[in-house]
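Take a look at the letters that make up each chain.
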Amino acid sequence: MKRIFVLLLFSFTFIMCKSTSKLPTEELLSFVVILEKDVTPKDLKKDISYRQVNYEESDKNENQWIVNYSEEIDKEKQIKTALLNHPGVLSVFTKAQYAQIKDKSSKDTRSGNQGKKTPVRQ
């Protein structure tokens, strides 16, 4: 009886320690990549040694893609450098940088005067 209990306990701990689940998307490194006309994220996957998990087209007119990598957060700069050094890549942003740029551009279009001061009577 004692052996069966120990065997079950050991097997449950072994199963619990083994992780077969994929990384959640919060833990993936996401980049917004603008590519040249004939280049696709499949070309990036072939040429760059980091683990590319998936990609999604963000803007068809600009050939803009969201590319996700399954790497540690400390490799973010190295991946960005590798992407920028690729001959088919025009520009690379992290998702946070891209959101900040989009936010600034939307504020400029909402204000209408785009930073110009209006004359004030004194």
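Please read these numbers as outputs of a predicted model, since none were measured by experiment. (Residues numbered from 1 in each chain as written. Predicted model: local features only at pLDDT ≥ 70, side-chain atom pairs only at ≥ 80, totals over all residues. Heavy atoms only, no water.)

With that settled, the discussion passes to a nonpolar patch on the surface. Together, Ile4, Leu8, Phe12, Phe14 and Ile15 give the surface a local cluster of nonpolar side chains, amounting to about 550 Å² of exposed area. In this structure, Leu8 sits in helix α1 (residues 2–17). Note on Leu8: relative accessible area 43%, which makes it partly exposed. (Patch = residues over 30% accessible without salt bridge, like charges linked within 9 Å, V, L, I, M, F, W, Y side chains within 5 Å. Areas by Shrake-Rupley, 256 points an atom, 1.4 Å probe, with all protein chains shown as cover. Salt bridge = Lys/Arg side-chain N within 4 Å of Asp/Glu carboxyl O. Helix = DSSP H or I, 4+ residues; strand = E, 2+ residues; numbered from the N terminus. Buried < 20%, exposed > 50% of the residue type's maximum accessible area, 1.4 Å probe, protein only.)

Along the chain, Gln52 falls in strand β2 (residues 52–59). Within the local environment of Gln52, its side chain forms a polar contact with the backbone nitrogen of Lys45, the two atoms lying 3.4 Å apart. (Polar contact = N/O pair within 3.5 Å; in protein donor to acceptor, adjacent residues only side chain to side chain.)

Tallied over the entire structure, the rule returns 3 aromatic pairs. Between Phe31 and Tyr69, the aromatic rings sit 6.1 Å apart at their centres with planes inclined by 70°, giving edge-to-face as the arrangement. One end of the pair, Phe31, is in strand β1 (residues 29–35); the other, Tyr69, is in strand β3 (residues 64–69), with 38 residues separating them in the sequence. With respect to class, Phe31 is no different from Tyr69; both count as buried. Summarising the aromatic geometry, the rings of Phe93 and Tyr98 are spaced 6.2 Å apart at their centres and angled 40° between planes, so their arrangement reads as tilted. (Phe/Tyr/Trp six-rings, centres within 6.5 Å; stacked < 30°, edge-to-face > 60°.)

Note that β2 and β3 share 6 bridges and pair antiparallel. Of the residues in β3, the one forming a bridge with Glu57 is Trp65. Linking β2 back to β3 in an antiparallel pair, the connection comprises 4 residues, with Asn63 at a positive phi of about 55°. (Pairing = 2+ DSSP bridges.)

Moving on: the sheet that holds strand β4 (residues 89–94). The antiparallel open sheet is built from 4 strands, whose spatial order is β2-β3-β1-β4. Of all the strands in the sheet, the pair left with one neighbour each is β2 and β4. When strand polarity is set aside, the average angle formed by the axes of neighbouring strands in this sheet is 25°. Sitting on the sheet, helix α3 (residues 76–85) is in contact with β1, β3 and β4, with an inclination near 15° to β1. (Axes fitted to C-alpha atoms, helices over the stretch in contact; angles between N-to-C directions. Contact = heavy atoms within 4.5 Å.)

Core analysis: the biggest nonpolar cluster contains 15 residues, and Phe31, Val33, Leu35, Leu44, Tyr69, Ile79 and Leu83 have the highest contact counts within it. Of all the elements in the fold, those that place two or more residues in this core are β1, β3, α3 and β4. Here this core gets 4 residues from one element, more than from any other, and that element is β1. Residues in contact with Leu35, not counting those within four places in the same chain, are Thr40, Pro41, Leu44, Glu62, Asn63, Trp65, Gly88, Val89 and Leu90. (Core = buried A, V, L, I, M, F, W, Y, C linked by side-chain atoms within 4.5 Å.)

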